[in-house]
Amino acid sequence: MKTLKNEIRLSGVGLHSGSAAAVTLVPSEGEWINFVNQKGTSSVTQAVIEEDSRLTGFSLPNGMTVRTAEHLLAAVAGMGLEAVDIHLEGQEVPIMDGSALPFAQAIRATGFRDNGKKSRPRFLATPLIAEENNGARLMFAYPSEKLRVTYIIDYSGTPVGLQKFSCDITEENFYNIIAGARTFGLTSELGYLRQHGLAKGGSKENALIFDENGLVEGQQLRHPQECSIHKITDLLGDLTLSGPVPTAHYVGLASGHSVHAKLVRSLRAVFAC
């Protein structure tokens, strides 16, 4: 299995806590993604997932609570890293620039070595579906010879609008297309987020912010479909909680983290995680 050649440490601010945050990725002799603290090591496949549409949060048997990990976890999966131990300072992974790119860049710069474990690719053999709001929010997973994601978002009545993006998930596509897409939000949502103790560390430096007219304060898109592409990042990160991401075609329709979590539970059942 591919693990890192050397340790990686990244620091910044937590998107929701607003507090200083840091994470260290360590070469692993084990399998898949493990979070490590003084009480021991827990795999992400053991995570108890929060039901929240705004972020990926989970608790682990070693007592750790982890929040906003989806961009980091997406970078692990997207860059083909198969084994890594993660040490987290605090509860929240730093938001960096709001995308998975800083994590992907650090992984690529560090490089890989083989840890001697045998890779075990997984392929979905039967379709799965997860939904909320009487089918208004949907996730499908279909058997496929390639790992592919199609994501449709509908923010009708806002500058984000209706967007669709579809892409095979390869290391190069992840690095060059998907990883750089940043998280986004609407100024109309800020009151709700603040009221619920979220987005305390959010700024135009780590999120795309739209008002009724478009992006604020001179922000520019990295890709015309950046918002829908970022949803692919979120999904990939969430799927890691089921284990190595099964090869399938994943289709999201107006979905989000809470629907992803339902799909993860189905994948866990199929692959007996």
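Quick note: structure is the one above.
We now turn to the structure provided with this report. (Residues numbered from 1 in each chain as written. Predicted model: local features only at pLDDT ≥ 70, side-chain atom pairs only at ≥ 80, totals over all residues. Heavy atoms only, no water.)

## Quick notes on the pairing of strand β18 (residues 249-253)
As paired strands, strand β12 (residues 137-142) and β18 are joined by five bridges and run antiparallel to one another. Each bridged residue has a counterpart across the sheet, and for phenylalanine 140 the counterpart in β18 is valine 251. Where strand β13 (residues 148-155) meets β18, five bridges bridge the pair, whose relative direction is parallel. What sits directly across from arginine 148, in β18, is histidine 249. (Pairing = 2+ DSSP bridges. Helix = DSSP H or I, 4+ residues; strand = E, 2+ residues; numbered from the N terminus.)

## Regarding the sheet that holds strand β4 (residues 32-37)
The sheet built from five strands is open, its strands ordered β2-β3-β9-β4-β5 with mixed pairing. Bordering the open sheet on either side are β2 (8-13) and β5 (40-43), each of which pairs with just one other strand. In this sheet, adjacent strand axes meet at a mean angle of 25° when their direction is disregarded. When strand β3 (residues 20-27) meets strand β9 (residues 83-89), the two strands line up antiparallel, connected through six bridges. Bridged to threonine 24 within β9 is histidine 87. (Axes fitted to C-alpha atoms, helices over the stretch in contact; angles between N-to-C directions.)

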